[in-house]
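# Analysis of the macromolecular model
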Amino acid sequence: MKRLISAIGLSCLCAMTSLWAQPKPAYLDDTKPIEQRVSDALSRMTLEEKVAMIHAQSKFSSPGVPRLGIPEVWMTDGPHGIRPEVLWDEWSQAGWTNDSCTAFPALTCLAATWNKEMSLAYGTAIGEEARYRKKSVLLGPGVNIYRTPLNGRNFEYMGEDPFLSAQMVVPYIKGVQSNGVAACVKHYALNNQETERGSINVLVDERALREIYLPAFKAAVQEGDAWAIMGAYNQFRGEHCCHNNYLLNKILREEWGFDGVVISDWGGVHDTKQAIFNGLDMEFGSWTDGLNWSSTNSYDRYYLAKPYLDMIKSGEVGTTELNQKVSNILRLIFRTEMNRNRPFGAFTSEAHSKAALEIAQEGIVLLKNDNHVLPIDLKNAKKIAVIGENAIKMMTVGGGSSSLKSKYEISPLQGLKQRLQPNVEVIYARGYVGDVGDSYNNVSTGQNLKDDRTPDELMQEAVNIAREADYVLFFGGLNKSKNQDAEGDDRKNMNLPYNQDALIAKLAAVNSNMVFINISGNAVSMPWINEVPAVVQGWYLGSETGHAMAAILVGDVNPSGKLPFSFPVKLSDNSAHSAGEYPGKNGVVKYNEGLFVGYRWLDKQKIKPLFSFGHGLSYTTFEYGKLTLNQKSMSKKGTITCAIRIKNTGSRAGSEVVQLYLTDKKSSLPRPVKELKGFRKVNLKPGESTTVEFVIDNALLQFYDDTLNKWTSEPGKFEALIGASSTDIKAKETFVLQ
Ligand code: BGC
C-alpha cells in the first residue's frame, strides 16, 4: 500500500515537474521584447478569443484571454478624476464605498496654468488614482479645439490654440503612463460641438485640419507616446470618425506611426466593414439593451462581435485586420496590466489634494482688477458678502461622462469662511436659483438646493447684504446642467443664465468693491462689464475649489493664470458664428472660417475681444525689456534665439507667462496675423528680473501647404512678438528666413 501511494505520488510529481519544466511562454516572459510577446500571444489565440477581445463585455471592460491568463482591459473616465464604479451594464454607479476620488480641476483650468509642470503633476496624480483603482486605461485627456463658446464640452478641453494644447497635453500623458496606465486621448477628431454630435458631418479644409484641429493629437501621439486614442462621435468628410479611413489609417497610423489602440467612443461605431478596415481596434458602448434581449449576450451583437466572426467564417473577409487589432490590444496589455514593474498607485492621498490645489491656484485667471479691488484688504475688511448659487453648488457631480464622486469638495463659501472667520464676518445670500439638481448617474451631492422664494425676494436679500458689506464676491457663471457646461448638448447662447446679468448690475450699483467670479469652462458675455471693477475666471476646480478661491481672493497666492481661449464681446464676434457655420444644416457643418479660429479670427478682423487669449493679471506688475535676437537671419536648418528681460516691478512675488508669437510677413497662402509658438512661466520676487529665451527653428515657421500636402516654410521676413497676451504685445523684432 505504502509503495502504491508513493508510486502515485512519484508519477504525479513527474507530471508536474514536466509541466513546470516547460520553458516559460514568451508572452509571459517580461525579459522578452514586447513585439515578441505580442506575436507569441497572438499565435496561441483562437479566432473566437481574438474577436472577443476587440469589443466590450461590459460598460467599461473588454475580455482578456482567460485560458492564457491574459487579463481583461478595464477603463475609466477621465479626464478630471476617476469615475465611480458603474454597474456591469449600466451608467449608474455601482454603489461601491471605496471609489470616491480626488477631483482635479477641469482641463480648461489646467491649460490656463500655461505650466507644463502642472500638467505633469496632474497626469501623474490622476494616473496614480487610476492605477490604484485597477484601471488599465484612463479615458482622457481631451484636446478638441475650442471653436465656439457654445460647445457644452469645452470645459473638458484645453482651449482654442493648437500650440498651447499640444504643449500641455504631452506631460499629462507622460504622467498618466508612468503609472502603467494608458492615456486615451479624445475625441479624435473635430468633435467641436455637442449638437448632433453622433451624426454631424464636419467639413473642414485640409489646412485648418492640419494646423488647428490635429496638432494636439499629433503631439499626444508623437511626443506623448499615447498608448490609446478615442475616435470621435461625429463624421468627417462623410465617414464616422471611429472608422474613418483618412483619420485613422492614413494620418494616425501611416503618417504619425501610432502603435497604440484606437477605441471607439461609446456608441460611436456604425458599420462592421468600416470598423474592420478603417483602423478601429476596440468597440465600446454600442447599442445594447442590457443583457436581456439577445440569445446569449447582447455584446455579441456589436459590430465587431458576431457579425465580424460570421464574415470571417464565411470567407467574406480575412483575418489580417483582426490580427492587427488584437496585436495592438496585446501591446497595450503588456504596457499596462502585464507590466510587472508598474507602480501600485495611490488614491485620495494628501499629495493628490495638494496637486489639485496647486493646479487650481495656478489656473484661476484675474481678468479685471480696477482700483486694486483685489486682493481683499484683510486689514480693513470687516464684512464680506458672498452671493450666488455657485458659491455653494457642488460642481464635481454632473456634466456628463466626466462627472465624479469625489471624496470631498470644498465650496467657495466654505473655503472663504475657513480662511476669513472669525476676523471677518462672511454673510451669504443665494441671489438666484439656477439648477437644483443634486445627482448624476445615481451619485448624489447630498445637497438640497431647493428654494421656494421668488426671484425678487432672492435678489432683494442679495442687494441688502451687498449694501452693508465691505466687499461683494459674486459667484455666478454656468454649471454642469443641461445646456450649460455639459456633455450631450450645447449652450443656447453666450449669456449668463438665470437672469444673473440683472442681479450683477444691481449689486454693482450698491457696492463698488464688487468682484464677479465666473465659474465656467466657456466664455460668457458680460454686458455690465463697465460697472464691475473686478472679474475672475474660476473654472471648475474640483475637490479644492474653495481653498484655491480663498487663497487667490485674499492674496495668499498671487494669480498667474492666463486665458486659453478668447472671450469675445458677443457671439457674432466668434468666427464659427460669423464666417463659419454652427451648428450646421441638414447634418453637415462647414468650418468655412478655416484657420481663423479664436484669436486668429479676431486679429484678422481687427475685432477687440472682451478678454484676449493669453490674458491674465497679477497682483504685481512686470516690466518687459527689449527683445534681442542673436542673429537677424536664419537658414532652414538653423535657429534664432530671442531673449527678453522681464522684471517684477511690484511689491509681491508673482509669476508671469511670457508668450512668443510669430508672424509670417509675406506668404503665398493666407496666414494668421500671428500665432503662439512659445511660452514660459517665470516666478519672480519683488525687484527680481530674469531673461527668458526662445529658440526659433524652421518647424515653428511652417504652415501646411495643401497644394503640396506638406508642411513648408517660405523664405522671407518674419516677426517675433513677445506678449503678455495675444493683444498686449510688449516687444517685437523682425528676422529673415533664407
Ligand atoms: C464620452 C466619452 C467618454 C465615454 C465613456 C462618451 O459619451 O463622449 O468622452 O469617455 O462616454 O463614458
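What counts, and at which threshold
- Numbering of residues begins from 1 in every chain and follows the order in which that chain's sequence is written.
- A pLDDT threshold of at least 70 governs which residues receive local features in this predicted model, and a stricter bar of 80 or more applies before side-chain atom pairs are shown or counted, although totals over entire chains, interfaces and linings include all residues.
- The basis for every side-chain value is the complete set of non-hydrogen atoms in the structure, without hydrogens or water.
- Exposure categories follow from relative accessible area, calculated using a 1.4 Å probe and restricted to protein chains: below 20% of the type maximum is buried, above 50% is exposed, and the middle band is partly exposed.
- Runs of E in the DSSP output that reach at least two residues are strands. Runs of H or I that reach at least four are helices, and both are numbered from the N terminus.
- A strand pair is defined by DSSP finding two or more bridges across the two strands.
- Residue proximity to a molecule or strand is established when one non-hydrogen atom of the residue lies within 4 Å of it.
- Polar contact is the term for a pair of N or O atoms within 3.5 Å; when the atoms are in protein, one must be able to donate a hydrogen and the other to accept it, and sequence-neighboring residues count only if both atoms are side-chain atoms.
- What sets the accessible areas is the Shrake-Rupley method with a 1.4 Å probe; for residues, cover comes only from the shown protein chains.
- What counts as a domain boundary in this text is fixed by an automatic or database domain assignment.
- Here, two residues are considered to be in contact whenever any of their heavy atoms come within 4.5 Å of each other.
- As used here, buried area is the combined drop in accessible area, with a 1.4 Å probe, of two parts when they are placed together.
- Every case where a carboxyl oxygen of Asp or Glu lies within 4 Å of a side-chain nitrogen of Lys or Arg is listed as a salt bridge.
- Throughout this entry, Asp, Glu, Lys and Arg are counted as charged residues, while Ala, Val, Leu, Ile, Met, Phe, Trp, Tyr, Cys and Pro are counted as nonpolar. The remaining residues, Gly among them, count as polar.
- Aromatic rings from Phe, Tyr and Trp, taking only the six-membered ring of Trp, are treated as a pair when their centres fall within 6.5 Å; an angle between ring planes under 30 degrees marks them as stacked, one over 60 as edge-to-face, and anything in between as tilted.
- Charge-over-ring contacts are defined here by two conditions on Lys NZ or Arg CZ: a distance within 6 Å of the ring centre and an angle within 35 degrees of the ring normal.
- For the purpose of counting charges, residues Lys and Arg are taken to be positive, whereas Asp and Glu are taken to be negative. His and the chain ends are not included.

### Points about the pairing of strand S4 (residues 182–188)
Of all seven residues that make up S4, seven are buried, and the element is covered over most of its length. In this sheet, S4 lies alongside strand S3 (residues 137–139) in parallel orientation, the contact comprising two bridges. The residue bridging Val137 from the neighbouring strand is Ala182, located in S4. The sheet contact formed by S4 and strand S6 (residues 228–231) spans three bridges and is parallel. Each residue of the ladder has a partner; that of Tyr188, found in S6, is Gly231.

### Looking at the site of the ligand
By nearness alone, 15 residues border the ligand, and Asp77, Arg153, His187, Tyr233 and Asp265 come closest of all. At 2.4 Å from an oxygen atom of the ligand is found a side-chain nitrogen or oxygen belonging to Asp77. One of the side-chain N or O atoms of Glu487 is found 2.8 Å from an oxygen atom in the ligand. Here the ligand, which alone exposes 310 Å², has 97% of that area covered by the protein.

### As for the domain arrangement of the chain
What the domain assignment reports for the chain is domain 1 (75–295), domain 2 (364–565) and domain 3 (621–737). A C-alpha centroid distance of 36 Å is found between domain 2 and domain 3. If you look at the interface, domain 2 gives five residues, while domain 3 gives nine residues. Taken together, the two surfaces of domain 2 and domain 3 that pack against each other cover about 540 Å², and 41% of this comes from carbon and sulfur. If you sort the residues of domain 2 by the area they bury against domain 3, Asn558, Ser560 and Lys562 come out on top, with a joint share of 81%. Counting across the interface, domain 2 meets domain 3 through one salt bridge. Across the domain 2-domain 3 interface, the total number found is five residue pairs in polar contact (both at pLDDT 80 or more). For the side of domain 2 that touches domain 3, the residue count by class is one nonpolar, three polar and one charged.

### Section: the packing of aromatic side chains
On inspection of all chains with the given rule, the structure shows 28 aromatic pairs. With a centroid separation of 5.2 Å and an interplanar angle of 70 degrees, the aromatic rings of Tyr188 and Phe217 are classed as edge-to-face. Remark: Phe217 occurs in helix H8 (residues 215–222) and Tyr188 occurs in strand S4; sequence separation between them is 29 residues. Each member of the pair, Tyr188 together with Phe217, is buried. Measuring from ring centre to ring centre gives 5.6 Å for Tyr704 and Trp711, while their planes differ by 80 degrees; the resulting arrangement is edge-to-face. With relative accessibility at 4%, the residue Tyr704 sits in the buried group. We note Arg147 situated over the ring of Tyr591; from NZ or CZ to the ring centre the distance is 3.7 Å.

### Focus on the pairing of strand S21 (residues 639–648)
Along S21, seven of the ten residues are buried, which leaves the element largely enclosed by surrounding structure. In this sheet, S21 lies alongside strand S19 (residues 622–629) in antiparallel orientation, the contact comprising six bridges. Within S21, the position partnered with Glu623 by the bridge is Lys647.

### Some points on unusual backbone geometry
Looking along the chain, the bond that leaves Asp77 and enters Gly78 is cis, with omega of 5 degrees. Backbone geometry at Tyr498 places phi at a positive 60 degrees, although glycine is not the residue there.

### Here we look at the pattern of salt bridges
One pass over the full model with this rule turns up 47 salt bridges. The salt bridge partner of Arg133 is Glu85, with a shortest N-O separation of 3.0 Å. Of the two residues, Arg133 is situated in the loop between helix H5 (116–132) and S3 and Glu85 in the loop between strand S2 (73–77) and helix H4 (107–113); the sequence distance between them amounts to 48 residues. Given the relative accessible area of 8%, Glu85 is considered buried. For Arg453, the salt bridge goes to Glu461, with nearest N and O atoms at 3.0 Å. With relative accessibility at 32%, the residue Arg453 sits in the partly exposed group. Connected via shared salt-bridge partners are Arg153, Glu156, Glu194, Arg197 and Glu487.

### Regarding the side chain of Asp705
In this fold, Asp705 is placed in strand S25 (residues 703–705). For the buried Asp705, which has no salt bridge, the nearest side chain bearing the opposite charge is Arg207, at an N-O separation of 7.0 Å. With near-sequence residues (within four places) excluded, Asp705 lies in contact with Leu669, Lys710 and Thr712.

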